[in-house]
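Commentary on secondary and tertiary structure
In case you want the letters, here they are:
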There are 2 protein chains.
Amino acid sequence: MRILTLLFCLLISNATNAQDEKTLRSLYDVALTESEAYKNLRDLCKNIGARLSGSEEADSAVVWGLNTLADLGLDTVYLQEITVPHWERGRREKAYFYNEKGKNMLDVCALGGSVATGMNQFIKGKVIEVQSLEQVNLLPDSIVKGKVVFYNRPMDPKKISTFSAYGSCVDQRYSGAIEAAKKGAIAIIVRSMNVRNDDFPHTGSMGYEAGADSIPAFAISTNGADYLSENIKSFKGLELSLKSYCKTYPDKISYNVIGELRGTKYPTEYITVGGHLDSWDLGEGAHDDGAGIVQSIEVLHLFKVLNIKPKHTIRVVLFMNEENGNRGGLSYAENASEKNEKHLMALESDRGGFSPRGFSVNGSQKQFNAIKKWAPLFEPYGIYEFKMGFAGVDINPLKDDKICLIGLSPDSQRYFDHHHSDNDVFEEVNKRELELGAASMASIVYLIDKYWLY
Amino acid sequence: MRILTLLFCLLISNATNAQDEKTLRSLYDVALTESEAYKNLRDLCKNIGARLSGSEEADSAVVWGLNTLADLGLDTVYLQEITVPHWERGRREKAYFYNEKGKNMLDVCALGGSVATGMNQFIKGKVIEVQSLEQVNLLPDSIVKGKVVFYNRPMDPKKISTFSAYGSCVDQRYSGAIEAAKKGAIAIIVRSMNVRNDDFPHTGSMGYEAGADSIPAFAISTNGADYLSENIKSFKGLELSLKSYCKTYPDKISYNVIGELRGTKYPTEYITVGGHLDSWDLGEGAHDDGAGIVQSIEVLHLFKVLNIKPKHTIRVVLFMNEENGNRGGLSYAENASEKNEKHLMALESDRGGFSPRGFSVNGSQKQFNAIKKWAPLFEPYGIYEFKMGFAGVDINPLKDDKICLIGLSPDSQRYFDHHHSDNDVFEEVNKRELELGAASMASIVYLIDKYWLY
């Protein structure tokens, strides 16, 4: 049998059969009736809540993950030590401007990793509204110097995948402060990465250039951005006042939490299933990525309930620090490489707990074709989209010429309504949608385990 | 060209081409950027709200529909008179029981069309919990007489389509009172048609048998049903007290609201697009069926914006009285038949304003095959499910051997969280999902108009 090992990811030809149909049906049935995913999500969101790397809540989440995996009766549960950045928001930020009607408060929050405006101090400056990094680049220093740069390019509503709209917009948040600082700006404020018009500011990671000026960076709600933009047009010389309290502390020790169901035939060959345990500090990290965490745990719960004994070792990994560093994902891959571990496939859920629609496959064309052959098995569950594409931040460092990375693709329409904001709470996750996602993940793991060869 | 008329629903062979791809892209683009659907839905839900047939709000909705269609600059806008039933809930219902802990209030509401318990009077009786109509049939009169029958069969969570779960459960609501009355029950209480566990009672239509006893009928929330069931088991001789104030009044005059964009080539051949304007009296009728109403209107708005001049006449019909009589749908079909109108296709949206996933086609196999050939055009928009099946209550009476009925199929997972309850409000509809549905409807109308022959 192992002669075939060199035939990279060969699939047994008759991939789908009646037994597979039956097993998938059981996985979905059990997920929709006996799943612990929703209960676990409530627990994680309501009893711990937001859990940014380095926070006490992140520590609690590690303990929670360890206990939750231990309760499954797996073969091994352990921690993988990593160091993580430690940034704290402190008190909630303030922003306002004056116009002819008086003082106008704006909904803002500091971007993750930002420096503060200074202890008990407002930064005040005139505002330049721009649509892109390139536009800032083109402006002379004399125009930008001493001002607040307001990045206001919206996510493109015409893109059907909101992730695609996000991808072509988020450079403002990542690199906005770097470009503005080069020209002497005193702060930046970025339109929140949200397609919807509402009052929630959305945080998220950002960078500074080593050795260059670090200026405070804020997100403003989409409604706030529109309002500010209107006022800039109608009220000449508008000055914006901004205050933040955030601070970066020394790195801390934290952990990936790992549980294994040992393979009966190839115990040293691995299938990794995961999401990220950390979240931003706003909301409760329900869709991002509490959903992925409890779905990943649920994969093994479903295997346990149905007494499915995988041939390869299934590893659930609750990655730490996806949001601001990906230290968990990087360490996990490093570790796997050092130990020369054989990894068949890694699956990630980090696109929210919405109705699953398909899978995004980051692998060879051959691997993709093999997976696409399983599509008919998934049709009864409304899973139609098998596409090649990015699979997930946490598992991405595992990529080599053998492993196939897969991301669960839920319906994306509502994702950015919640992403990185106070609005990402347990109540916004639908139990059935979460469970259907978990069953879809378990199904693809079951099929890979059964048919895939390293 | 008209030689082909007798070749029923023949399709020009090369159905999809680059022009079609471009037109669909434009329809989706405009829907996602310039749609009036969401604004119209807010107006209908917030300024009128619930609009049960026969209510003042239903009258206001007719005026609203007329004005909204008139604003589109169509060729004709008119009313089609019908008579509708007129039932009013009156004050909100009450239900409680006593156990060892004291008085326990339950979340209930009268089913639509129910008689009241009597003026200022509670009905009080012991409870028999059953799972089906058949079970009641099998019970001797002596056991049922003088009691309250509690139908508690839940919707099956294992069914992936919640509409399928609803279909196999709703007989308890429709016919529960009839079967229980035959055995001498004094009232019935039915577990709400909701897969989720929550505190909202869900109303809906029910029947009595002519000449037989009419007994009061209630819905109880899913949490309430579980709680009541537990208490029946643990507290012997539990007595339930129920009070309702509802009343049926004489029929009233009401209207279907119709707007037409006249066909350039075949003005006397029709494509009907619609939803229903009435709603139950709880909530705001946002998903059911405010969404379908504003999406249907949006189809013509999109045609207007893009200057698409249909060959056949497109008729938007805002049907009245789907919820408790379907008098609008029946009258519309009767009228069409009397006038010997040629109807190519009728499209309905009445499954909520969620992410569209496909179409349900009630037509010949040949018609279905022709539509399925267009599937690749819809894939970029996440529309994959083309299935034969029921299309919609309002358009169903139009069915004959020529017309093809089509229903928009959105994601069904959340639909029954909101259906017929206080929870069906504007805030629960996502703007993009609503707009994607409208664009999908406009796209199928565009293709039918272009390629279909009567």
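Residues numbered from 1 in each chain as written. Chains lettered and ligands numbered in written order. Predicted model: local features only at pLDDT ≥ 70, side-chain atom pairs only at ≥ 80, totals over all residues.

Description of the overall build of chain A
What chain A contains, in helices and strands, is 14 helices and 16 strands. Taking 2.2 N^0.38 as the reference for a compact globule, 454 residues should give roughly 22 Å; the C-alpha atoms of chain A span a radius of gyration of 23 Å, in line with that estimate. In terms of principal-axis extent, the alpha carbons of chain A reach across some 75 × 40 × 40 Å. Sequence separation of at least 24 residues holds for 83% of the intrachain contacts in chain A that already meet a minimum separation of 6. (Helix = DSSP H or I, 4+ residues; strand = E, 2+ residues; numbered from the N terminus. Rg over C-alpha atoms; globule rule 2.2 N^0.38 Å. Contact = placed C-beta atoms within 7 Å.)

Description of the interface of chain B and chain A
With 21 residues of chain B at the interface, the matching set in chain A holds 21 residues. Mapped onto the side of chain B that touches chain A, the elements with two or more residues apiece are helix 1 (18-34) and helix 14 (431-451) of chain B. Residues of the side of chain B that touches chain A, tallied by class, amount to seven nonpolar, five polar and nine charged. (Nonpolar A, V, L, I, M, F, W, Y, C, P; charged D, E, K, R; others polar.)

A few points about the pairing of strand 3 (residues 102-105) of chain A
All names here are of chain A. Strand direction decides the pairing type here: strand 2 (residues 94-99) and strand 3, joined by four bridges, are antiparallel. Following the sheet pairing, N99 is matched in strand 3 by G102. The turn joining strand 2 and strand 3, which pair antiparallel and follow one another in sequence, is formed by two residues. (Pairing = 2+ DSSP bridges.)

Focus: the pairing of strand 2 of chain A
When strand 2 of chain A meets strand 9 (residues 239-243) of chain A, the two strands line up antiparallel, connected through four bridges. Residue pairing in the sheet places A95 of chain A in a bridge with L242 of chain A of strand 9 of chain A.

Examining the domain arrangement of chain A
Residues and elements named next belong to chain A. Domain annotation for chain A reports domain 1 (2-86 + 250-451) and domain 2 (90-245). Distance between the C-alpha centres of domain 1 and domain 2: 34 Å. Between domain 1 and domain 2, the contact holds 15 residues from the first and 18 residues from the second. Classifying every residue of the side of domain 1 that touches domain 2 gives four nonpolar, seven polar and four charged. (Domains from an automatic or database assignment.)

Examining the sheet that holds strand 13 (residues 342-348) of chain B
All names here are of chain B. The strand order 1-10-12-11-13-16-14-15 describes an open sheet built from eight strands, whose pairing is mixed. Looking at strand neighbours, the two that pair on one side only are strand 1 (76-88) and strand 15 (385-388), the edges of this open sheet. Averaged over all pairs of adjacent strands, the angle between strand axes in this sheet comes to 20 degrees, irrespective of strand direction. Sheet analysis places strand 11 (residues 266-276) next to strand 12 (residues 312-319), joined by eight bridges and oriented parallel. The residue bridging T272 from the neighbouring strand is R315, located in strand 12. Relative to strand 1, helix 10 (residues 327-338) is tilted by about 140 degrees, and along the sheet it contacts strand 1, strand 10 (247-261), strand 11, strand 12 and strand 13. (Axes fitted to C-alpha atoms, helices over the stretch in contact; angles between N-to-C directions.)

Brief notes about the sheet that holds strand 8 (residues 217-220) of chain B
All names here are of chain B. Taken together, eight strands build an open sheet; the order of strands is 3-2-9-5-6-7-8-4 and the sheet is mixed. Each having just a single partner strand, strand 3 (102-105) and strand 4 (108-110) make up the two edges of the open sheet. Between one strand and the next, the sheet's axes are offset by a mean angle of 30 degrees, whatever the strand orientation. Here helix 7 (residues 171-182) sits on the sheet in contact with strand 6 (148-151), strand 7 (187-191) and strand 8, set at roughly 155 degrees to strand 7.

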